[in-house]
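Survey of secondary and tertiary structure
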Amino acid sequence: MSRRGRKVNTSRPDSGSILKYFSAETSPSPTTLAKAIIENIVDKAFVVVTSHESSKKHDGTRVSSKTYELWKKSFPWLEITDQTFLRCTFCRQCKLKNVWADEGTPNVQKSSLERHNSSKDHVLAAKMHLRQSINTDEIELDTGESNVHVQNADTFLFRTVYAVAKHEMPSEKVNGMLELQALNGCDMRYQHLSWTTIGEIQQCISTILKRSIVDEINASDHFSLMLDESTDISVEKHLSICIRYVKNGEPCTKFLANVKVNDGCATTIVNALYDCVSSLGIDMSKCVSLATDGASVMLGKKTGVGVQVKAKYSPFAIQTHCFAHRLNLALIDSIKKIETLKTFRDKFGALYTFMSGSPNRTSTLRSIQQLLDEPELAMKQLHSIRWLGLRDAVYAVYMCYASVLTTLSKFAGDNPSAKGLYKYFSTYKVALLLGFMLDIHTELGTLSCHLQKQELLFSEVPPLVDSILGRLDHMQTSDGEFLSEMKQGIEIKDDKASYGGEDLKNYGEAAKSQFEILRVEYIANITRNMKQRFRKENTTVLDNMAHVFEPLTVTASTDDSCIDALKSLGELYGSEKKVKLIEGDLQCEGLTETVKVVSPLLDKDALIKEWTGFCAMIKGSYSRLTVSNICKRLIVLQQGLYPNMSTLAKIALCLMVTSVECERSFSYQNRLKTKFRGSLKCEKLAILMNIVMCGPAVQVYDPVPACRLWLAKKRRKGRLVQEYAPRKRAEVKKC
């Protein structure tokens, strides 16, 4: 047994116990006497060593206050009860099921603290505590900020850093901008800022912007979320989270966060979503809508993201497949079913590759465009992730069709690729297809642009879709603008066709007949796919909302149908819901799951009673107003008279039918994180995206709140305003 674990045997005799070997009757033998003396000496030495050890180290069962203070410096999460049990504050906050989070461990050893500090549960709990502390510091208002005096030099600095970030410039440009302003005569006290200092300033600016958004979200009774995932240039997966809420009776759509996720599993996405939203102090139970793309991980009926969010946190949320994504999928499916159009699409990709692969070909095309007085347009590349990208490619070829044919014919003699492309594009049927496809995709592009509006409402989608379907049906028998122009540009002479001096092959009745069949088939495919993608059984809640707030729908419908729609909405939002609430960090194991009852959003019985008066307003004075104006008037002016209808109006404004804002955030992400800034971390990327997407224009930006937040923190401000001087090298002593 080790010396540390020994205990002094108090039952042994002390130094005077040698006398027991002496008695009046007998005397000890020399061997016995020597043995007793040796044992006595050993016991005395052991007692001295043990007393010396106990003066420096505890006995493993109790700890002194001095030792606790020393341990507390290395392990800030440590707390002790009755000087005999050690507990972890981080594990207790996350409600983990281990001894450190419950009654505490009786093993009062420093090695026990070191083992727990490196354990899996504690590491995850510490990460959760760190995120909460950072977000709390970001969101909560510091009481010392209002007492900080902001100078002009501080506002100059922050406005410069904000302008650089707002215009998507690298952070290394800040010092150059400061020097430029100093050369122009501005009083720029700050010079030669480090990347750390610039990052702190950008974080303060982002914190103030996010603080105002979170305050507006918490002031709103309901909100909706938009989710989408993407991969950046460094092959890191990101989850974009955008939000819509109601402010002063109008819907507001904002970028909320860009979170890094390890994989694309539904559970990972849900955990990242809840972790982000809850850390900002936003109640997930107020979410009434969730808009995503059509990926199975999002729309899965059993374990998809929407199903898990609704079951765990947001029982009143309805999930919507983005309408803009639906339109794009409908067009992709329509082209896939027709071999001629698949070849048509592939040839545009080959044309772009051929033209962009040589500066000689590009220069020749530009010279011919100038000679023929056609627009100087470059060939467009088809992107599978870009909505309606075929339209831009077709437009570029259509506008300079004669130049393209002339260029291809020039290189066709010694280049097989040019010969094949010229043979394809110089046919009569392809010339007609150019005009026809441009007509079709121009109409669909108009619909796509409307679906990408930031403040799109549910009531705007059905009229737009019906209008486009009507235009497509008309194009089955009538030529569009571009097809008519193409036919007029084609010269027919001696049963031969030509365009811009280049002959068009395969002209005849057979080509015309094939084109007419192709036109009818393609429009029929688009119409069928759009009706299937936009079928009404997937938008029941949206249709019910239209029967309540859409004046034309209310007027054209019977009273019973409107009341049935209102009852359906009352059952959805006027009944208690149960969710499985997971407390703490979702990544930790062994967390408690409790069933939480979420109160109804409105009184369904009172909602029916309020309908009579509100219906008269819809058919009367509000009959010519839009849905957004009706909801705004109801929320701002009539909330006291119709409280439940006002709540339903707020929900209607929050309903999100697209996730386009997430796609827009990915465009900013890819512009910020390029191959020249590939090492940009996710946290810094989220800060820059928040500034670019949520910040106001540079001309109206107020830097004072961010300055106060930055100056309120402890920092070596004097160093930042000093002239730069390199450190002196240490003198080397010569022997």
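Residues numbered from 1 in each chain as written. Predicted model: local features only at pLDDT ≥ 70, side-chain atom pairs only at ≥ 80, totals over all residues. Heavy atoms only, no water.

Here we look at the overall build of the protein chain
Along the protein chain, the regular secondary structure elements total 31 helices and twelve strands. Relative to its full complement of 735 residues, the protein chain shows a buried share of 47%. When contacts within the protein chain are restricted to residue pairs at least 6 apart in sequence, those whose partners lie at least 24 apart make up 71%. In the structure as shown, the protein chain presents an accessible area of about 38,100 Å², 52% of it carried by carbon and sulfur atoms. (Helix = DSSP H or I, 4+ residues; strand = E, 2+ residues; numbered from the N terminus. Buried < 20%, exposed > 50% of the residue type's maximum accessible area, 1.4 Å probe, protein only. Contact = heavy atoms within 4.5 Å. Areas by Shrake-Rupley, 256 points an atom, 1.4 Å probe, with all protein chains shown as cover.)

A short note on the sheet that holds strand E7 (residues 318-321)
Reading across the sheet, the five strands line up as E5-E4-E3-E6-E7 and stay open at both edges, with mixed pairing between neighbours. This sheet does not close on itself; its edge strands, each paired only once, are strand E5 (250-260) and E7. This sheet shows a mean twist of 20 degrees between the axes of neighbouring strands, independent of strand direction. Bridging between strand E4 (residues 237-247) and E5 involves ten bridges; their strand directions are antiparallel. If you follow leucine 239 over to E5, its bridge partner there is valine 259. Across the face of the sheet, helix H8 (residues 195-219) comes into contact with strand E3 (223-231), E4 and E5 while running at roughly 55 degrees to E4. (Pairing = 2+ DSSP bridges. Axes fitted to C-alpha atoms, helices over the stretch in contact; angles between N-to-C directions.)

Remarks on the packing of aromatic side chains
Under the criterion given, the structure shown has 20 aromatic pairs. Aromatic pair phenylalanine 158 and tryptophan 710: ring centres 5.5 Å apart, planes at 65 degrees, arrangement edge-to-face. With a gap of 552 residues between them, phenylalanine 158 in helix H6 (residues 152-166) and tryptophan 710 in helix H30 (residues 704-712) connect regions that are remote in the sequence. A relative accessible area of 0% places phenylalanine 158 in the buried class. (Phe/Tyr/Trp six-rings, centres within 6.5 Å; stacked < 30°, edge-to-face > 60°.)

Points about unusual backbone geometry
A positive phi angle is found at valine 235, which is not glycine, with a value near 60 degrees. By the element assignment, valine 235 lies in the loop between E3 and E4. Overall, valine 235 belongs to the exposed group, its relative accessible area being 69%. With a phi angle near 60 degrees, aspartate 373 is a residue other than glycine that sits in the positive phi range. For aspartate 373, the location among the structural elements is in the loop between helix H14 (359-371) and helix H15 (389-399).

A short note on the pattern of salt bridges
Using the criterion set out here, one finds 24 salt bridges in the structure. A salt bridge links glutamate 460 to lysine 453; its shortest N-O distance comes to 3.0 Å. Classification of lysine 453 as partly exposed rests on a relative accessible area of 36%. (Salt bridge = Lys/Arg side-chain N within 4 Å of Asp/Glu carboxyl O.)

Quick word on the state of the cysteines
One pass over the structure, following the stated rule, counts zero disulfides. We note that cysteine 322 lacks a disulfide partner, and the nearest cysteine sulfur, in cysteine 662, lies 9.0 Å from it. Cysteine 322 sits in the buried class, given a relative accessible area of 0%. (Disulfide = S-S within 2.5 Å.)

Some words on empty space enclosed by the protein
Tallied over the entire structure, the rule returns one cavity of 30 Å³ or more. Phe348, Leu351, Tyr352, Met379, Lys380, Ala393, Ala396 and Val397 together form the lining of the largest cavity. Elements with a contribution of two residues or more to the lining of the largest cavity: helix H13 (339-356) and H15. Across the lining of the largest cavity, the residue classes tally to seven nonpolar, no polar and one charged. (1 Å grid on protein atoms, 1.4 Å probe; cavity = no way out; pocket = protein on both sides within 12 Å on 5 of 7 lines; lining within 4 Å. Points joined across faces, edges and corners; volume = space filled by probe spheres on them. Nonpolar A, V, L, I, M, F, W, Y, C, P; charged D, E, K, R; others polar.)

Quick notes on the pairing of E4
Side chains on a regular strand alternate between the two faces of the sheet. Counting buried residues along E4, nine of its eleven residues qualify, which places the element largely inside the surrounding structure. Between E3 and E4, which follow one another and run antiparallel, lie five residues, and valine 235 among them has a positive phi close to 60 degrees. Taken together, E4 and the strand that follows it, E5, pair antiparallel across an intervening segment of two residues, in which asparagine 248 is found at a positive phi of about 55 degrees.

Describing the sheet that holds strand E8 (residues 491-493)
With antiparallel pairing, the three strands of this open sheet are ordered in space as E8-E9-E10. Strands at the two margins of the open sheet, each flanked by one partner only, are E8 and strand E10 (502-504). The mean angle between the axes of side-by-side strands here comes to 40 degrees, regardless of whether they run parallel or antiparallel. When E8 meets strand E9 (residues 496-499), the two strands line up antiparallel, connected through three bridges. Across the sheet, residue lysine 493 finds its bridge partner in E9, namely lysine 496.

Quick notes on the packing of H6 against H8
At their nearest, the axes of H6 and H8 sit 10 Å apart, and the two run at 85 degrees to each other. Viewed along their axes, H6 and H8 adopt a mutual orientation that is roughly perpendicular. Across the interface between the two elements, Leu157, Phe158, Val161, Tyr162 and Ala165 of H6 pack against Ile198, Ile201, Gln202, Cys204 and Ile205 of H8. (Parallel < 35°, antiparallel > 145°, perpendicular 65-115°, else oblique.)

Considering the environment of valine 246
On the secondary structure map, valine 246 appears in strand E4. Setting aside residues no more than four positions away along its own chain, valine 246 makes contact with Ser220, His222, Ile635, Lys650, Leu653 and Cys654.

Description of helix H25 (residues 604-619)
The first and last C-alpha atoms of H25 sit 22 Å apart over 16 residues, in line with the 22 Å expected at 1.5 Å per residue. Where H25 bends most, the angle comes to about 40 degrees, and this point is tryptophan 611. The complete set of buried residues in H25 reads Leu607, Glu610, Trp611, Phe614, Cys615, Met617 and Ile618. Buried residues along H25 sit in contact with helix H22 (540-549), helix H23 (551-556), helix H24 (559-573), helix H26 (627-636) and helix H27 (643-654). Two or three places before aspartate 605, at the start of H25, stands the capping residue aspartate 603, its side-chain oxygen 3.2 Å from that residue's backbone nitrogen. (Expected span 1.5 Å × (residues − 1). Bend = angle between axes of the 7 residues up to and from the residue. Polar contact = N/O pair within 3.5 Å; in protein donor to acceptor, adjacent residues only side chain to side chain.)

What to know about the environment of glutamine 381
Mapping glutamine 381 onto the fold places it in the loop between H14 and H15. For the pair glutamine 381 and alanine 350, spaced 31 residues apart in sequence, the C-alpha to C-alpha distance is 9.2 Å.

Let's talk about the packing of helix H12 (residues 323-336) against helix H18 (residues 428-451)
At a minimum axis separation of 9 Å, H12 and H18 run at an interaxial angle of 155 degrees. What the angle tells us is that H12 and H18 run roughly antiparallel. Considering the relative orientation of H12 and H18, their crossing is left-handed. Across the interface between the two elements, Phe323, Ala324, Leu327 and Leu331 from H12 touch Leu444, Leu447, Ser448 and Leu451 from H18. When its residues are assigned to classes, the contact of H12 with H18 shows seven nonpolar, one polar and no charged. (Left-handed = near helix turned anticlockwise from the far one by under 90°.)

A few points about the confidence of the model for the protein chain
Overall, the prediction assigns the protein chain a mean pLDDT of 83, with 83% of residues at 70 or greater. Put simply, helix H1 (residues 30-56) is where the protein chain has its lowest mean pLDDT, 51, and E4 is where it has its highest, 94. Segment residues 45-58: pLDDT under 50, and eleven contacts once partners within four positions in sequence are set aside and those in other chains are kept. Counting interchain partners and residues more than four positions distant, the pLDDT-below-50 stretch residues 584-590 has 19 contacts. (pLDDT = per-residue confidence, 0-100.)

Points about helix H4 (residues 110-117)
Residues that lie three or four places apart on an α-helix share one face, since the helix turns once every 3.6 residues. Looking only at H4, the buried set comprises Ser112, Leu113 and His116. Relative to the axis of H4, the buried residues are bounded by an arc of 100 degrees and lie together on one face. (Arc of directions from axis to C-beta.)

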